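Descriptive structure summary
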Amino acid sequence: MKILKDKNIVLGVSGGIAAYKAPELLRILQKAGAKVRVVMTKNARDFISPLTFEALCGHKVLFDLFDGSYTSAIGHIDLAKDCDAAVIAPATANVIGKLANGIADDALTTFMLAAKGRKILCPAMNEAMYENAAVKRNIMKLEADDYIIMEPSEGELACKTKGKGRLADCDKIADGICEALTTKDLIWKKILVTAGPTREFIDPVRFISNPSSGKMGYAIAAAAKKRGGNVVLVSGPTYLEHPEGVKFIKVVSANQMADTTFINAPDADIIIKAAAVSDYRAEKFFEHKLKKGLADKVSLSFCKNTDILKEIGLNKKKEQILIGFAAETEDLEKNAFKKLKEKNLDIIIGNIVGKPGSGFEADTNKAVLFFKSGKKKVLPVMDKGELADIILSRCLTL
Ligand code: CTP
């Protein structure tokens, strides 16, 4: 969301029932630091008052092409000049049809034709309308004209039917705007990311694992996707929704993660191993649940799992970039450099677990980047998404 800071975003609202969700989107964009202005169609005013948007964004809403009280006589041109992104949410079939055919007969469509920057449409309508051949044709035309279409979601619609036609979730729309504004510096690059914990089952109901949430790896996958990368995310069990548009492969054990990673590694340009892999697995898997019985103590024996990162490091091609993580409880620098050397890495991202704002389940991380050259960069506590972007930018400088 950092990319939205100080960006000029114009929010277009057209006349559909989902217009009531537009103020929520406006607030999300504002919270991320964007400067938001609103343009409405006349029909939209039947669903929501311009006053709502004026109170939230502190600026007059443009809905009349000939409104002399706007900042200048040609308000739509003023807005169009400095616009970084224009997003219409909701976009009705009518507005979509007009834009696909270059019709500019009101403030919103006239503004859109003049607007610079990225253009994003978020259709919301009855399912049958969305499936209509003319609407589909218009959407395809607009995609060819470089418009970004944020597909509606499925669910119950205002007309009491169920289907695809609900306005995309506001957080997803905001994410889509971020992606649209992000420089595509990873285009044509394959980025392989591993994330989350692994589980080593002892019997059908018990396993050993660790508290990794997968947040760091998922943040890297999302950031790489936004930057145009072709992303493969191999993940152990997590409760997270995987980023849209990445190839997602779910695994459970370290052995499964190893197999999947080895298949995907040879043609990857950048490999980032953020997963917290179990170093050991139970030597014997008990087919049936182990019973308590009479024993007060039990002991199990474990055998070593493959060190996936080390194996990839051994076979690393010259042009590949390999990045690992080191979660330590002590001697961060010493341990991180040791792992960097042993696993033939370009960068290792070290962090001390258990510190405030850092570690397995937090949304933030306090990391130190250790480089092959022997240098290091200490970073402050930051959002995992921000750290993901720093790591990817470093990859590009290597
Ligand atoms: N890693 C891996 N396969 C393993 C163990 C670790 O690929 N079987 C990777 C992790 O994904 C991480 C890096 O190696 O990127 C370091 O993992 P970490 O658990 O910090 O260190 P280990 O190498 O397991 O060493 P130790 O447990 O002794 O600290």
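Residues numbered from 1 in each chain as written. Predicted model: local features only at pLDDT ≥ 70, side-chain atom pairs only at ≥ 80, totals over all residues. Heavy atoms only, no water.

Each helix and strand in the chain was counted, giving 14 helices and 21 strands. Projected onto its principal axes, the C-alpha coordinates of the chain cover approximately 80 × 50 × 40 Å. In the chain, 65% of the contacts between residues at least 6 apart in sequence involve partners at least 24 apart. Surface accessibility of the chain: about 20000 Å² in total, with carbon and sulfur atoms responsible for 53%. (Helix = DSSP H or I, 4+ residues; strand = E, 2+ residues; numbered from the N terminus. Contact = heavy atoms within 4.5 Å. Areas by Shrake-Rupley, 256 points an atom, 1.4 Å probe, with all protein chains shown as cover.)

Let us now look at the pairing of strand S6 (residues 153-156). Relative to strand S7 (residues 162-166), S6 runs antiparallel, the two sharing four bridges. By the bridge assignment for S7, Gly 155 is matched with Gly 163. Here S6 folds back onto S7 in antiparallel fashion, the turn holding five residues, of which Lys 160 has a positive phi close to 70°. (Pairing = 2+ DSSP bridges.)

Before going further, it helps to examine the site of the ligand. With respect to spatial proximity, 14 residues lie near the ligand, and among them Lys 273, Ala 275, Phe 325, Lys 339 and Lys 343 are the closest. In this structure, an oxygen atom belonging to the ligand sits 2.9 Å away from a main-chain N or O atom of Phe 325. Protein contacts shield 77% of the accessible area of the ligand, which totals 570 Å² for the unbound molecule. When contributions to the shell around the ligand are tallied by element, the ones reaching two or more residues are helix H12 (308-314) and strand S16 (321-328). When residues in the shell around the ligand are grouped by element, the largest group, four residues, is from S16. A breakdown of the residues in the shell around the ligand according to their chemical character gives seven nonpolar, two polar and five charged. (Near = heavy atom within 4 Å. Polar contact = N/O pair within 3.5 Å; in protein donor to acceptor, adjacent residues only side chain to side chain. Nonpolar A, V, L, I, M, F, W, Y, C, P; charged D, E, K, R; others polar.)

Our focus in this paragraph is the packing of aromatic side chains. In the structure shown here, the tally under the stated rule is three aromatic pairs. Aromatic pair Tyr 218 and Phe 248: ring centres 6.3 Å apart, planes at 65°, arrangement edge-to-face. One end of the pair, Tyr 218, is in helix H10 (residues 215-226); the other, Phe 248, is in strand S12 (residues 247-250), and 30 residues separate them in sequence. Using a relative accessible area of 5% as the deciding quantity, one classes Tyr 218 as buried. (Phe/Tyr/Trp six-rings, centres within 6.5 Å; stacked < 30°, edge-to-face > 60°. Buried < 20%, exposed > 50% of the residue type's maximum accessible area, 1.4 Å probe, protein only.)

With domains assigned, the chain is organised as domain 1 (2-181) and domain 2 (190-286 + 300-397). Taken together, the five residues of domain 1 in the interface contact five residues of domain 2. When the buried surface of domain 1 facing domain 2 is broken down by residue, Lys 2, Lys 172 and Glu 179 rank first, second and third, together holding 82% of it. Along the contact surface separating domain 1 from domain 2 lie five salt bridges. Residues Glu 241 and Lys 172 are paired through a salt bridge, measuring 3.8 Å at the closest nitrogen-oxygen approach. (Domains from an automatic or database assignment. Buried area = accessible area lost by both parts, 1.4 Å probe. Salt bridge = Lys/Arg side-chain N within 4 Å of Asp/Glu carboxyl O.)

Counting residues in hydrophobic clusters, the biggest one holds 38 residues, and the most contacted among them are Leu 11, Phe 53 and Ile 177. Taken together, the elements giving at least two residues each to this core come down to strand S1 (8-13), helix H1 (22-31), strand S2 (35-40), helix H3 (50-57), strand S3 (85-91), strand S4 (118-123) and helix H9 (170-181). The dominant element in this core, judged by the number of residues it contributes, is H9, at seven residues. The contacts of Leu 11, once residues within four sequence positions are left out, are Ala 22, Leu 25, Leu 26, Val 36, Arg 37, Val 38, Val 39, Phe 53, Val 87 and Ala 89. Counting 32 residues, the second largest nonpolar core, distinct from the first, contains Ile 191, Ala 221, Leu 233 and Ala 388. (Core = buried A, V, L, I, M, F, W, Y, C linked by side-chain atoms within 4.5 Å.)

To continue, consider the side chain of Thr 92. Checked against the element boundaries, Thr 92 lands in the loop between S3 and helix H5 (93-100). Accessibility expressed as a relative area gives 12% for Thr 92, which makes it buried. Excluding residues within four positions of it along the chain, Thr 92 makes contact with Ser 14, Gly 15, Gly 16, Ala 124 and Met 125.

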